[in-house]
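Report on the structure
One letter stands for each residue in the lines below.
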Amino acid sequence: MTDKGNKQPVMVAGLRKSGKTAFICALIQLGHLSNINLAALKPFDIGLIQRNAIEGTSDGELFCRQMAGDPMEILVSPYVANEVYPVEMAFRRDGIKINWGFLRERLKILNNLYALTLVELPGSLYTPVTEEKMVFNWLRESGNRVIWLINPVAEQFEQNLAEISLLKSLDLEVDLVINNTAPITNQDLLMYIWEKIEQQSGQEIVGMVPHVRNLENSFGRMAEKTARALPSLIDRLIIPPQNA
C-alpha cells in the first residue's frame, strides 16, 4: 500500500438496518477503481457468541475482505462483546473498558496506511458506549464529517427525525443519504419521508442508493449504483492521486 492518509475519518451513521456496513464496503470498492485504498473501522461490536454459533460473518471480516493489504480483523474491529445486549451493558458483562486514547491510536495507524478511514457507528446517536459517553458525545468530540444513512421505512421515520435533529445540533458537516435496503413498494411514502427530513434538517438529501439484491456477494454492483446515485459525495470522498 502506498496511500498515506491525509484526511480526517468520515463517520458513517444511521439507525439499525440502514445498510452502513454494505455502504462502507461499496465505498471501499469504489476506491479500488480509482487506485485509492480506503479503510474501515467498526470500533464497537456485539454478539460474538451468537455469530460463532451460526458460523456467521462479522462486519469486521467483511471490511477486511474489501480492504487492501490483508489487514487482521482486530485492527478494524477492536472492541467486540460476546453477548447481544446494549453496547455498554455487553462490554460491562465482559469486563471490557473502552480506551479512547487507544481508539485514537488505531485511527492514526489506519490513517497512515490508507487514504481515508470510514468509521461505522452504532445504530443510534443515543447508544451508551460507556457510563459517561453516548455515541453523540464521542462524535461531537471528534469533529469529523458524518454520512447519515436513511432507510426510508415508516417504522424508522420519527426516530430518524429525532436523530438527525440531534446530529445537526453537534455543528458537524453532515451528508444525508437515502439507502434502499429493500425494493421500493410505496413511492408516496418515500417522497413524504424525503420531503419531511429535508424540511426538518434544513438541508437537501444528497441522493438515494437503489436496492441491490444478494448484497453480500454484490458489493461491486452496489459500488456502481452508489457512484451513479451520489456523484458529488463520491467526488469529495474519493479523489484520484495527483499523479494518476
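Residues numbered from 1 in each chain as written. Predicted model: local features only at pLDDT ≥ 70, side-chain atom pairs only at ≥ 80, totals over all residues. Heavy atoms only, no water.

**Focus on helix H1 (residues 20–33)**
- Between its first and last C-alpha atoms H1 spans 20 Å; for 14 residues at 1.5 Å apiece the expected length is 20 Å, and the two agree.
- Of all 14 residues in H1, 11 are buried; the element is thus mostly enclosed.
- Looking one or two residues beyond H1, the residue adopting positive phi is Asn-35, at roughly 60 degrees. (Helix = DSSP H or I, 4+ residues; strand = E, 2+ residues; numbered from the N terminus. Expected span 1.5 Å × (residues − 1). Buried < 20%, exposed > 50% of the residue type's maximum accessible area, 1.4 Å probe, protein only.)

**A closer look at the packing of aromatic side chains**
- This structure, assessed with the given rule, holds 8 aromatic pairs.
- The interplanar angle of 70 degrees and the centroid separation of 6.0 Å between the aromatic rings of Phe-44 and Trp-100 together place this pair among those described as edge-to-face. Linking Phe-44 in strand E3 (residues 44–45) with Trp-100 in helix H6 (residues 100–113), this pair joins segments that are 56 residues apart in sequence.
- Trp-100 sits in the buried class, given a relative accessible area of 16%.
- Where Phe-157 meets Tyr-192, the ring centres are 5.4 Å apart and the plane angle is 55 degrees; that geometry is what we call tilted. On the criterion of sequence distance, the pair formed by Phe-157 in helix H8 (residues 157–169) and Tyr-192 in helix H9 (residues 187–201) is long-range, its members being 35 residues apart. (Phe/Tyr/Trp six-rings, centres within 6.5 Å; stacked < 30°, edge-to-face > 60°.)

**Overview of the pairing of strand E5 (residues 116–120)**
- Counting buried positions along E5 yields 5 of 5 residues, so the element is predominantly enclosed.
- Judged by which residues are buried, E5 turns out to be covered on both faces: Leu-116, Leu-118 and Glu-120 on one side and Thr-117 and Val-119 on the other are all buried.
- The sheet contact formed by strand E1 (residues 10–14) and E5 spans 3 bridges and is parallel. Each residue of the ladder has a partner; that of Val-12, found in E5, is Glu-120. (Pairing = 2+ DSSP bridges.)

**Description of unusual backbone geometry**
- With phi around 65 degrees, Lys-17 is a residue other than glycine that occupies positive phi space.
- Within the secondary structure layout, Lys-17 lies in the loop between E1 and H1.
- For Asp-171, which is not a glycine, the phi torsion comes out positive at approximately 60 degrees.
- Within the secondary structure, Asp-171 is located in the loop between H8 and strand E7 (174–179).

**Digging into the environment of Tyr-114**
- Within the fold, Tyr-114 resides in the loop between H6 and E5.
- For Tyr-114, a relative accessible area of 1% puts it in the buried group.
- Distance in space between the C-alpha atoms of Tyr-114 and Ile-36 is 8.0 Å, their sequence separation being 78 residues.
- Among the polar contacts listed, one links the side chain of Tyr-114 to the backbone oxygen of Ala-68, at a separation of 2.5 Å. (Polar contact = N/O pair within 3.5 Å; in protein donor to acceptor, adjacent residues only side chain to side chain.)

**Quick look at the environment of Ser-34**
- Residue position: Ser-34 is located in the loop between H1 and strand E2 (38–41).
- Between the C-alpha atom of Ser-34 and that of Ile-238, which follows or precedes it by 204 residues, the distance is 7.7 Å.

**Some words on the side chain of Asn-160**
- Along the polypeptide, Asn-160 turns up in helix H8.
- Each residue touching Asn-160, except ones within four places of it in the same chain, is listed here: Leu-15, Trp-148, Leu-149, Ile-150, Asn-151 and Ile-197. (Contact = heavy atoms within 4.5 Å.)

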